[in-house]
Amino acid sequence: MPLPRRLLVANRGEIAVRIVRACRDLGVEPVAVYAPVDAGAPHVRLADDALPLPGDSPAEGYLNGPKMVELARGCGATAIHPGYGFLSENPSFAAACEAAGIAFVGPPASVLQMCGDKAATRAAATSAGVPVLPGSGSVSDAEAPSVAEAVGFPLLIKAAGGGGGKGIHLVRSPDALPSALRLARGEAQTAFGDPRVYLERWVERPRHVEVQILADSAGGVIHLGERACSVQRRHQKLIEEAPAPGLSPDLRDALLESAVRVARALGYRNAGTVEFLLDGEAFFFIEVNARLQVEHPVTEMVTGVDIVAAQLAIAGGEPIPFAQEEVRHAGWAIECRISAEDPHGGFLPSLGRIDGVIEPQGPGIRVDSGFRAGCTVSRHYDPLLSKVVVWGRDRAEAIARMRRALAEYAISGVDTTIPFHRWALEQPTFLGGAYDVRFAEEWDGATPSQEAERLAAAAADAWLRRKAAASVLVSDGPAAGPASRWIAAAREEGLR
């Protein structure tokens, strides 16, 4: 099937903007969907058309599979890109798309079903000769105590139907298991519409490294290198980089080859990520994320591959557009996730209206953003606002550019994770590249720099307000002629 003429973007925020832009590059007409709270969001403004969803809750809107299919049919879209989260790893939704004659931009329903069954993926990895951590398949509450004893404490409870750090809880003793199960199931249901969970042995200080793969319907599978994702909080990634620092050539080769073997064993198709935990030179397969990853831009920056464009081609039945030996890796890329959270207050979500934004610019900097001034951070959705991605000829240059980007970035109206990122990029552990998944625990949110950060945010807020006031004066003043109105319009646009 050739590229679709129209494509429904069944998501919101920065990933919806990312998909809209890929469609533009390919000559595909993107159609956005939006909940009421997102009516003024950038993905709505940038798409060719935008269709309303019935309510602000995820179940009414972005998790409503039948409604998405109905909207796609109604607007003439012949493909749906689910982005990440929401419906992206839902086999029932993929099957509904297939039944409606709509191309689902992701793995087919049968592959999603298998990847959602952690026992099946672990078995596939084992059959491919790839080591796995001790763990289980999906468990009921009644089965959990005996299964947990077999796995051993401490252990992780993980959502079977999703990823992205949602629905994961560390359990160190049997008495904490029931309450952790309730929390994990509730989060899994809210985030993925699937309450199933499974258990996995906890490794105290591992590194988290993943491999980006592409696979087509003809059996072709390639990798695009690895990413380091060990800067995490509550099992949610905060900083990612490519390539992963500190890997020996033998370990890197083993990881990349293992990822391809797992993908072949699963009969995988489209873009995906094979995730591993590293304990010294030992590594263990943990799961396959059968979707586009939040952190895919760092791979794009070092390879020059447009992963979303590759997804669309593969979904249309085309082979992978290039061979493994044609993939070139150059330089170093780092990504910082900017979320509306208060890093000085336990990273609690910071809800409310975004008053002003100044984004970083300059050589080697990319900002994937899904908000603008005037948008509202809602309690219904993940507070991820944007991703700052930088490229440098080596790791030192990439770190220097990220420091510059974070120094330029100003968001007023809500708290953000920018102070945490500035702190992280000054730590000797991070600079040395030897950090693990416990690194973020060293963050002390009550550092003396907190007051300085608040003063900086207040100064940025005041500057943005003065800029807005000046724009109004110019556009409405008695001396405002055509030229000055043009300036006023430009200023207003700059504030959006």
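Residues numbered from 1 in each chain as written. Predicted model: local features only at pLDDT ≥ 70, side-chain atom pairs only at ≥ 80, totals over all residues. Heavy atoms only, no water.

K.L.:
Explain the overall build of the protein here, please?
P.N.:
For the protein, the count of helices and strands is 16 helices and 23 strands. Looking at the protein as a whole, 57% of its 496 residues are labelled buried. Counted over contacts in the protein with a minimum sequence separation of 6, partners at least 24 positions apart contribute 67%. For the protein, the accessible area works out to roughly 19,400 Å², and carbon and sulfur atoms hold 55% of it. (Helix = DSSP H or I, 4+ residues; strand = E, 2+ residues; numbered from the N terminus. Buried < 20%, exposed > 50% of the residue type's maximum accessible area, 1.4 Å probe, protein only. Contact = heavy atoms within 4.5 Å. Areas by Shrake-Rupley, 256 points an atom, 1.4 Å probe, with all protein chains shown as cover.)

K.L.:
Mind showing me how you'd approach the packing of aromatic side chains here?
P.N.:
For any pair of aromatic rings, the description consists of the separation of the ring centres together with the inter-plane angle of the planes. Overall, the coordinates contain 14 aromatic pairs when judged by the stated rule. Ring geometry for Y62 versus Y381: centroids 5.5 Å apart, planes at 80 degrees, classification edge-to-face. Of this pair, Y62 sits in the loop between strand 3 (49-52) and helix 3 (65-75) while Y381 sits in the loop between strand 21 (376-377) and strand 22 (384-392), and the two are 319 residues apart along the sequence. For the pair Y62 and Y381, one class covers both residues: buried. When the ring of F93 is compared with that of F104, the centres are 5.9 Å apart and the planes differ by 80 degrees; the resulting orientation is edge-to-face. Of this pair, F93 sits in helix 4 (residues 91-99) while F104 sits in strand 5 (residues 103-104), and the two are 11 residues apart along the sequence. (Phe/Tyr/Trp six-rings, centres within 6.5 Å; stacked < 30°, edge-to-face > 60°.)

K.L.:
Help me understand the packing of helix 4 against helix 5 (residues 109-116), please; the structure alone is not making it clear to me.
P.N.:
Packed helix pairs are characterised by how far apart their axes lie and by the angle those axes make with each other. Relative to each other, helix 4 and helix 5 sit at 175 degrees, their axes nearing to 8 Å. When the interaxial angle is binned, helix 4 and helix 5 end up roughly antiparallel. Residues P91, A94, A95 and E98 of helix 4 form the contact with helix 5, whose participating residues are A109, L112 and Q113. Split into classes, the residues belonging to the contact of helix 4 with helix 5 amount to five nonpolar, one polar and one charged. (Axes fitted to C-alpha atoms, helices over the stretch in contact; angles between N-to-C directions. Parallel < 35°, antiparallel > 145°, perpendicular 65-115°, else oblique. Nonpolar A, V, L, I, M, F, W, Y, C, P; charged D, E, K, R; others polar.)

K.L.:
Which parts of the structure should I look at to understand empty space enclosed by the protein?
P.N.:
To find the voids left in a structure, one rolls a probe of water-molecule size over its atoms. Applying the stated rule across the entire model yields four cavities of 30 Å³ or more. Roughly 200 Å³ of volume is contained in the largest cavity. Forming the boundary of the largest cavity are 19 residues, of which R12, D38, G370, F371 and T376 lie nearest the centre. Of all the secondary-structure elements, those providing two or more residues to the lining of the largest cavity are strand 21 and strand 22. Its residues assigned to classes, the lining of the largest cavity shows 10 nonpolar, six polar and three charged. Around the second largest cavity, the lining residues are R207, V209, A228, S230, P245, G433 and Y435. Among the elements of the structure, strand 10 (207-215) and strand 11 (221-233) are those that each provide at least two residues to the lining of the second largest cavity. Residues that form the lining of the second largest cavity fall into these classes: four nonpolar, two polar and one charged. (1 Å grid on protein atoms, 1.4 Å probe; cavity = no way out; pocket = protein on both sides within 12 Å on 5 of 7 lines; lining within 4 Å. Points joined across faces, edges and corners; volume = space filled by probe spheres on them.)

K.L.:
Got a minute to help me understand the sheet that holds strand 8 (residues 169-171) in this structure?
P.N.:
Sheet strands line up and pair through hydrogen bonds in the backbone, either parallel or antiparallel. Read from one edge to the other, the open sheet built from four strands follows the order 6-9-7-8, with strand pairing classed as antiparallel. Every interior strand has two partners, whereas the edge strands, strand 6 (135-139) and strand 8, have only one. Direction aside, neighbouring strands of the sheet carry axes that sit 25 degrees apart on average. Where strand 7 (residues 155-159) and strand 8 come together, three bridges link them in antiparallel fashion. Residue pairing for strand 8: I157 is matched across the bridge by H169. Strands in contact with helix 6 (residues 118-127) are strand 6, strand 7 and strand 9 (197-201); relative to strand 6, the strand with the most contacts, it is inclined by about 150 degrees. Across the sheet, helix 7 (residues 144-151) is in contact with strand 6, strand 7 and strand 9; its angle to strand 9 comes to roughly 20 degrees. (Pairing = 2+ DSSP bridges.)

K.L.:
Before we go on, may I ask you to explain the pairing of strand 14 (residues 282-289) in this structure?
P.N.:
The two faces of a sheet get side chains in turn, since along a regular strand they alternate between them. Summarising burial for strand 14: six of the eight residues are buried, a large majority. Strand direction decides the pairing type here: strand 13 (residues 270-279) and strand 14, joined by seven bridges, are antiparallel. For D279, the partnering residue across the bridge sits in strand 14 and is A282. If you look at the hairpin formed by strand 13 and strand 14, you'll find two residues sitting between the two strands, and G280 has a positive phi there, around 70 degrees.

K.L.:
Looking at this structure, I do not really get the nonpolar core. What am I missing?
P.N.:
Soluble globular proteins tend to pack their nonpolar side chains together in the buried interior. Ranked by internal contacts, the top residues of the largest apolar core, which has 96 residues, are L8 and F276. Among the elements that make up this core, the one with the highest residue count is helix 9 (residues 249-266) (eight residues). Among all residues touching L8, those that are not within four sequence positions of it are V31, V33, L51, M68, L71, A72, C75, A77, A79, I80 and H81. Among the nonpolar cores identified, the runner-up in size contains 30 residues, and A16, L214, V327 and L384 belong to it. (Core = buried A, V, L, I, M, F, W, Y, C linked by side-chain atoms within 4.5 Å.)

K.L.:
Honestly, the pairing of strand 9 in this entry has me stumped. Any pointers?
P.N.:
Counted residue by residue, strand 9 has four buried out of five residues, so it is predominantly covered. The pairing of strand 7 with strand 9 spans five bridges and is classified as antiparallel. The residue bridging L156 from the neighbouring strand is E200, located in strand 9.

K.L.:
How should the packing of helix 3 against helix 4 be read in this particular structure?
P.N.:
At their nearest, the axes of helix 3 and helix 4 sit 10 Å apart, and the two run at 25 degrees to each other. In terms of axis orientation, helix 3 runs roughly parallel to helix 4. As helix 3 packs across helix 4, the resulting crossing turns out to be right-handed. Between helix 3 and helix 4, the contacting residues are G65, M68 and V69 on the first element and F93, A96 and C97 on the second. Taken together, the residues of the contact of helix 3 with helix 4 break down into five nonpolar, one polar and no charged. (Left-handed = near helix turned anticlockwise from the far one by under 90°.)

K.L.:
I would appreciate a short explanation of the sheet that holds strand 1 (residues 6-9) in the present structure.
P.N.:
Spatial strand order, 3-2-1-4-5: five strands in an open sheet with parallel pairing. Looking along the sheet, the strands with just one partner apiece sit at the ends: strand 3 and strand 5. Both strand 2 (residues 29-34) and strand 3 contribute to a ladder of four bridges, which runs parallel. By the bridge assignment for strand 3, Y34 is matched with P52. Contacts between helix 1 (residues 13-26) and the sheet are confined to strand 1, strand 2 and strand 4 (79-81), with strand 1 contributing the most and set at about 170 degrees to the helix. Strands in contact with helix 3 are strand 1, strand 2, strand 3 and strand 4; relative to strand 1, the strand with the most contacts, it is inclined by about 155 degrees.

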